[in-house]
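Listed below are the residues making up each chain.
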Amino acid sequence: AITTMADAGCLVAWCGEQGIRFYAQGLGETRSSANLTRQARLWADPEQRLRIVCKMYAMRFDEPIPEGSTLRQIRGMEGARVRAAYARASRTYGVPWSGREYDRRNWDHSDPINRALSAANSCLYGVCQAAIVALGYSPALGFIHSGKMLSFVYDVADLYKIDLTIPVAFEETAKGAHQLESRVRHRCRDMFAENHLLEMIVDDLEMLFDGVELPGEDLVDSDMALPGDLWDPGGNLPGGRNFGSDV
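Because the structure is a prediction, the values reported are computed rather than measured.

Scoring rules and cut-offs
- Residues numbered from 1 in each chain as written.
- Predicted model: local features only at pLDDT ≥ 70, side-chain atom pairs only at ≥ 80, totals over all residues.
- Heavy atoms only, no water.
- Helix = DSSP H or I, 4+ residues; strand = E, 2+ residues; numbered from the N terminus.
- Buried < 20%, exposed > 50% of the residue type's maximum accessible area, 1.4 Å probe, protein only.
- Contact = heavy atoms within 4.5 Å.

**Student:** Which residues make up unusual backbone geometry, and what are the values?
**Tutor:** Excluding glycine, most residues fall at negative phi; most peptide bonds, likewise, are trans. Backbone geometry at Gln-179 places phi at a positive 50°, although glycine is not the residue there. Along the polypeptide, Gln-179 turns up in the loop between helix H7 (165–174) and helix H8 (180–194). The class for Gln-179 is exposed, based on a relative accessible area of 53%. The phi dihedral of His-196 is positive, around 50°, even though this residue is not glycine.

Here it is, written out as structure tokens:
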């Protein structure tokens, strides 16, 4: 059954309900490396990477980033925005807030709101990873985050935390600590489905990489059965042929 679905271009993902846990993936139309190649080329070019970084930060703000802002200034603006979101949620739901702190090795030591935030963000990461791999991108090649196998997942998830996971975590914490993490996961599951989060991520990733032209880029793969190209410093060569006569 899995082989048949893969041959039909249907991606199979092993995940929790509504994608809030992501365990593994099969093959789908993503056997084309077009999106991964574009992501890698943008990631490896410092100038293009900076453009994507600024674009991702701009997607988080309700107003345009002032022209000429440095990356350091943009990070400062983002930090202020996140602090304000935590403070606003604390006032709205009456949950005391002293900062984002948690220790994975001592989970129970964290206060309820930090445990709730971690549970909500974990659900968000699962949905983001499912969308990323379904489109053929790499979860590891992050533009803002770096050095982790889920760096790009963290990049994408940060687009939605203020609107989705922070309010859920504070609201559920305000109801009490009994089965808090379970309640948060169930609430995230339902809210992500209601807001069509998967579709939203797909649209946002398309917008993120839209309009960025790379020299010699050809993202068209009209026949999945055709052999891939062979890399050459002077430009890609068609695969599936014998180059013995060139020696």
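**Student:** So what's going on with the environment of Pro-167? Residues and values would help.
**Tutor:** Position of Pro-167 among the secondary structure elements: in helix H7. Of the residues examined, Pro-167 reaches a relative accessible area of 23% and is grouped as partly exposed. Spatially, the C-alpha atoms of Pro-167 and Tyr-86 are 8.8 Å apart, while their sequence positions differ by 81 residues. Apart from the residues within four sequence positions on either side, Pro-167 is in contact with Tyr-93, Lys-161 and Ile-162.

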